[in-house]
Amino acid sequence: MLTHVVFFKLKDKSKGTLEKVKNDLLALKEQIPLIRSIEVGMDILQTERSFDVVLYSKFDSLEDMKAYQVHPAHVKFVEYIETVKDIIYSVDFES
């Protein structure tokens, strides 16, 4: 298994933007069968060091995760997130 974790810090922290990011990420599960599991969390502390949204997803293999990255639904999400993100960090590891 491969675990893919992404941390998003957004420029616009309005409830509408946060909900859109969360819902768009969760919708990827229905659009991309290679995703084995997905969780999306929104930060509740809102401290200086906090990120706003986290994606936690699992894939059967690195190859599946790479295929997910070029899937049209993911590419569309990336195009959107580029317009609202401040910083994005990710970690990918075997699990």
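A few points on the structure. All of these numbers come straight from a predicted model, not from anything done at the bench. (Residues numbered from 1 in each chain as written. Predicted model: local features only at pLDDT ≥ 70, side-chain atom pairs only at ≥ 80, totals over all residues. Heavy atoms only, no water.)

**Topic: the environment of Y80**
Part 1 of the argument: Along the chain, the position of Y80 falls in helix α3 (residues 72-84).
Part 2 of the argument: Beyond its immediate sequence surroundings of up to four residues, Y80 is in contact with T17, K20, V21 and D24. (Helix = DSSP H or I, 4+ residues; strand = E, 2+ residues; numbered from the N terminus. Contact = heavy atoms within 4.5 Å.)

**What about the pattern of salt bridges?**
Two side chains bearing opposite charge may form a pair once their charged atoms approach each other closely.
Part 1 of the argument: As enumerated under the stated definition, the model contains four salt bridges in all.
Part 2 of the argument: K85 is paired through a salt bridge with E82; the nearest N and O atoms lie 3.9 Å apart. (Salt bridge = Lys/Arg side-chain N within 4 Å of Asp/Glu carboxyl O.)

**Structural notes on helix α2 (residues 62-70)**
Part 1 of the argument: Inspection of α2 places D64, M65 and Y68 among the buried residues, and these make up the whole buried set. All buried residues of α2 project into a common sector of 100° when viewed along the axis, lining one side. Summarising the geometry of α2, the exposed residues directed more than 90 degrees from the buried face are E63 and V70.
Part 2 of the argument: Considering only its buried residues, α2 is in contact with β1 (2-10), α1 (15-31), β2 (35-42), β3 (53-59), α3 and β4 (85-94). (Buried < 20%, exposed > 50% of the residue type's maximum accessible area, 1.4 Å probe, protein only. Arc of directions from axis to C-beta.)

**So, unusual backbone geometry**
Part 1 of the argument: Here Q46, not a glycine, exhibits a phi torsion of approximately 55°, which is positive.
Part 2 of the argument: When you line up the elements, Q46 lands in the loop between β2 and β3.
Part 3 of the argument: Residue classification places Q46 among the exposed residues on the basis of a relative accessible area of 63%.

**Describing a nonpolar patch on the surface**
Part 1 of the argument: Among the surface-exposed residues, F7, Y56, I87, Y89, V91 and F93 lie close enough to one another that they form a single nonpolar patch of about 520 Å² accessible area.
Part 2 of the argument: Looking at the nonpolar patch element by element, the count peaks at four residues for β4.
Part 3 of the argument: Considering the arrangement of structural elements, one finds F93 in strand β4. (Patch = residues over 30% accessible without salt bridge, like charges linked within 9 Å, V, L, I, M, F, W, Y side chains within 5 Å. Areas by Shrake-Rupley, 256 points an atom, 1.4 Å probe, with all protein chains shown as cover.)

**Digging into α1**
Part 1 of the argument: A rise of 1.5 Å per residue sets the reference length of α1, with its 17 residues, at 24 Å; its end C-alpha atoms lie 24 Å apart and thus fit the reference within 8%.
Part 2 of the argument: Listed as buried for α1 are T17, L18, V21, L25 and L28. When α1 is viewed along its axis, its buried side chains cluster within an angular range of 110° and face the same direction. Pointing more than 90 degrees away from the buried face of α1 are the exposed residues K15, G16 and E30. (Expected span 1.5 Å × (residues − 1).)

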